Amino acid sequence: MSTENLPQSPEQPPRKPRVAVVFGGRSSEHGISVVTAGAVLRAIDRTKYDVLPIGITRDGRWALTADEPDRMAIVDRRQPDVEQLAESNEGGVILPVDPANREVVYSEPGSVPKALGEVDVVFPVLHGPYGEDGTLQGLLELSGVPYVGAGVLASAVGQDKEYMKRVFTSFGLSVGPHVVIRPREWERDESAARKKIIDFAGEHGWPLFIKPARAGSSIGITKVDSLEGLGEAIEEAQRHDPKIIVEALLRGREIECGVLEFEDGPRASVPAEIPPVQSHAYYDFEAKYIDSAPGLVPAPLTPEQTAEVQRLAVDAFDAASCEGLVRADFFLTEDGEFVINEINTMPGFTPISMYPQMWEASGVAYPELVDRLIGAALRRPTGLR
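Cut-offs applied
- Residues numbered from 1 in each chain as written.
- Predicted model: local features only at pLDDT ≥ 70, side-chain atom pairs only at ≥ 80, totals over all residues.
- Heavy atoms only, no water.
- Salt bridge = Lys/Arg side-chain N within 4 Å of Asp/Glu carboxyl O.
- Helix = DSSP H or I, 4+ residues; strand = E, 2+ residues; numbered from the N terminus.
- Buried < 20%, exposed > 50% of the residue type's maximum accessible area, 1.4 Å probe, protein only.
- Lys, Arg positive; Asp, Glu negative; His and termini not counted.
- Polar contact = N/O pair within 3.5 Å; in protein donor to acceptor, adjacent residues only side chain to side chain.
- Contact = heavy atoms within 4.5 Å.
- pLDDT = per-residue confidence, 0-100.
- Pairing = 2+ DSSP bridges.
- Phe/Tyr/Trp six-rings, centres within 6.5 Å; stacked < 30°, edge-to-face > 60°.
- Lys NZ or Arg CZ within 6 Å of the ring centre and 35° of its normal.
- Expected span 1.5 Å × (residues − 1).
- Axes fitted to C-alpha atoms, helices over the stretch in contact; angles between N-to-C directions.
- Parallel < 35°, antiparallel > 145°, perpendicular 65-115°, else oblique.
- Nonpolar A, V, L, I, M, F, W, Y, C, P; charged D, E, K, R; others polar.

## Let's talk about the pattern of salt bridges
Turning to step 1, where the next piece is worked out: With the rule as written, the count across this model stands at 34 salt bridges.
Turning to step 2, where the next piece is worked out: Measuring nitrogen to oxygen at the nearest pair gives 3.6 Å for the salt bridge that ties aspartate 50 to lysine 16. Of the two residues, aspartate 50 sits in strand β2 (residues 50–56) while lysine 16 sits in the segment before β1 (18–24), which places them 34 residues apart along the sequence.
Turning to step 3, where the next piece is worked out: Relative accessible area serves as the criterion here: at 30%, lysine 16 is assigned to the partly exposed category.
Turning to step 4, where the next piece is worked out: Close ionic contact of aspartate 264 with arginine 267 constitutes a salt bridge, the shortest N to O distance being 3.2 Å.
Turning to step 5, where the next piece is worked out: When salt bridges with common partners are traced through the structure, they connect Glu141, Glu261, Glu323, Arg380 and Arg385 into a single cluster.

## Focus: the side chain of arginine 18
Turning to step 1, where the next piece is worked out: With respect to the element layout, arginine 18 can be found in strand β1.
Turning to step 2, where the next piece is worked out: Buried charge without a partner: arginine 18 forms no salt bridge, and the closest opposite charge is aspartate 50, 4.3 Å away.
Turning to step 3, where the next piece is worked out: A distance of 3.1 Å separates a polar side-chain atom of arginine 18 from the backbone oxygen of glutamate 118.
Turning to step 4, where the next piece is worked out: The contacts of arginine 18, once residues within four sequence positions are left out, are Asp50, Leu52, Leu116, Gly117, Glu118, Val119, Asp120 and Val121.

## Considerations on the confidence of the model for the chain
Turning to step 1, where the next piece is worked out: Averaged over the chain, the pLDDT score is 89; the fraction of residues at 70 or greater is 91%.
Turning to step 2, where the next piece is worked out: Taken together, the stretch residues 287–291 has pLDDT below 50 and engages in 18 contacts with residues farther than four places along the chain or on a different chain.

## So, the pairing of strand β11 (residues 244–248)
Turning to step 1, where the next piece is worked out: With 5 of its 5 residues buried, β11 lies for the most part within the structure.
Turning to step 2, where the next piece is worked out: Of the two faces of β11, the one lined by Ile244, Val246 and Ala248 and the one lined by Ile245 and Glu247 are each fully buried.
Turning to step 3, where the next piece is worked out: In this structure, strand β8 (residues 178–181) lies alongside β11, joined through 4 bridges in antiparallel fashion. What sits directly across from isoleucine 181, in β11, is isoleucine 244.

## Thoughts on the packing of aromatic side chains
Turning to step 1, where the next piece is worked out: Taken as a whole and assessed by the stated rule, the structure comprises 5 aromatic pairs.
Turning to step 2, where the next piece is worked out: Measuring from ring centre to ring centre gives 6.2 Å for phenylalanine 330 and phenylalanine 338, while their planes differ by 80°; the resulting arrangement is edge-to-face. There is no split in this pair, since phenylalanine 330 and phenylalanine 338 are both buried.
Turning to step 3, where the next piece is worked out: Linked through ring pairs, Phe123, Phe349, Tyr355 and Tyr366 together constitute an aromatic cluster.
Turning to step 4, where the next piece is worked out: Positioned above the aromatic ring of tyrosine 130, the side-chain terminus of arginine 26 is 4.0 Å from the ring centre.
Turning to step 5, where the next piece is worked out: The side chain of arginine 267 reaches across the aromatic face of phenylalanine 262, ending 4.0 Å from its centre.

## A few points about helix α1 (residues 30–43)
Turning to step 1, where the next piece is worked out: Compared with an ideal rise of 1.5 Å per residue, which puts 14 residues at 20 Å, α1 spans 20 Å between its outermost C-alpha atoms and is within 8% of the ideal.
Turning to step 2, where the next piece is worked out: For α1, the tally of buried residues reaches 13 of 14 residues, placing the bulk of the element in the interior.

## Quick notes on the packing of helix α4 (residues 152–159) against helix α5 (residues 161–170)
When two helices pack together, their arrangement is given by the angle between their axes and by how far apart the axes lie.
Turning to step 1, where the next piece is worked out: In contact at an axis separation of 5 Å, α4 and α5 are set at 110° when each is read in the N-to-C sense. Taken together, the axis directions place α4 and α5 in an arrangement best described as roughly perpendicular. From α4, Val157, Gly158 and Gln159 reach across to α5, where they touch Lys161, Tyr163, Met164 and Val167.
Turning to step 2, where the next piece is worked out: In the contact of α4 with α5, the residues fall into 4 nonpolar, 2 polar and 1 charged.

## Here we look at the sheet that holds strand β7 (residues 121–124)
Turning to step 1, where the next piece is worked out: Taken together, 4 strands build an open sheet; the order of strands is β3-β2-β1-β7 and the sheet is mixed. Two strands lie at the open edges of the sheet, namely β3 (62–64) and β7, each paired on one side alone. Each strand of the sheet is rotated relative to its neighbour by a mean of 30°, with strand direction disregarded.
Turning to step 2, where the next piece is worked out: Contacts from α1 reach β1, β2 and β7 within the one sheet, and its direction differs from that of β1 by about 155°.

## Topic: the sheet that holds strand β9 (residues 208–212)
Turning to step 1, where the next piece is worked out: Ordered in space as β8-β11-β9-β10, the 4 strands form an open sheet in which the pairing is antiparallel. Edge positions in the sheet fall to β8 and β10 (222–224), since each of these pairs with one other strand and no more. Averaged over all neighbouring strand pairs, the angle between strand axes comes to 25°, with direction disregarded.
Turning to step 2, where the next piece is worked out: Running over the sheet, α5 touches β8, β9 and β11 and is turned about 55° from β11.
Turning to step 3, where the next piece is worked out: On the sheet, helix α8 (residues 230–238) packs against β9, β10 and β11 and is oriented at approximately 25° with respect to β9.

Here's what the structure looks like:
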């Protein structure tokens, strides 16, 4: 029987790749992650991608959230929260654990689980522990789902300031004087741990910066000018991380540089400078996100200095085996040397954040930046690479 005259079923148009934007999380940077997610959701090209917003509450529940970027902003100095955006106070999103199945399921108590469709790539915009530190990246590797940004090792190295500096030193990058106090040292002999910091101050002088070793967004950091403020600064850092790092003051200019993965490899943006903020002791959380202290983009450097910091930023990206993106932070010391302070594998990503501003000045607008990161993730396989 001929099928020539039978009605032909129309071909289904190809499905758009679905991007799950995962944000929030259990760290003290929860609110900034929500702000970042709002900016990313606003920028994703909806003609190219379907989008699934997934928020992680402060207690770790994965929630289906409203796709409403305007509600993900700092208002009256108050940060947004996933709980305010969740469609249910009890429902939870379940990622697949079978690499052959990328279907995401939503479940509520007493209801039949609902399939939300397959996810092709995850854009994790979590900051800090339980998201930026390799934990989420490991889960996604087990699930076989591609994702934006650094892999497990690079994420872990980028989160832990102690091991980050160890890696950089082993690759010949200059780092500043620092000392680390681990939790066991406090438990074994608190007075000896405190003396270790005092001896460090005796060698390098005051002020010191007391920091959580595995936190970001300048949260938990205190600039200490004398022995008198040390105890309170230690307590503040330990509220965010039982391991702390103490850094000596480096006199010089704060220079940042963005790195982005292109088809032919990582490239560096024009650098930016963070000038001293008169109303703040240093470039702290309030200066970054609440008062939006402006940076200088591009940084007023010589062509030779610009080329040098761009080279060092890509070297840092490669040293930590990074992928996707990195913001590398340096000090340009008074004797003209660039000293790397840290990298961020998922830097602040709002339009006013330094990373997007540096790429904007380099000719890559915010929507293109988001699109390039998603494209790089879709090209990259999961697993060993």
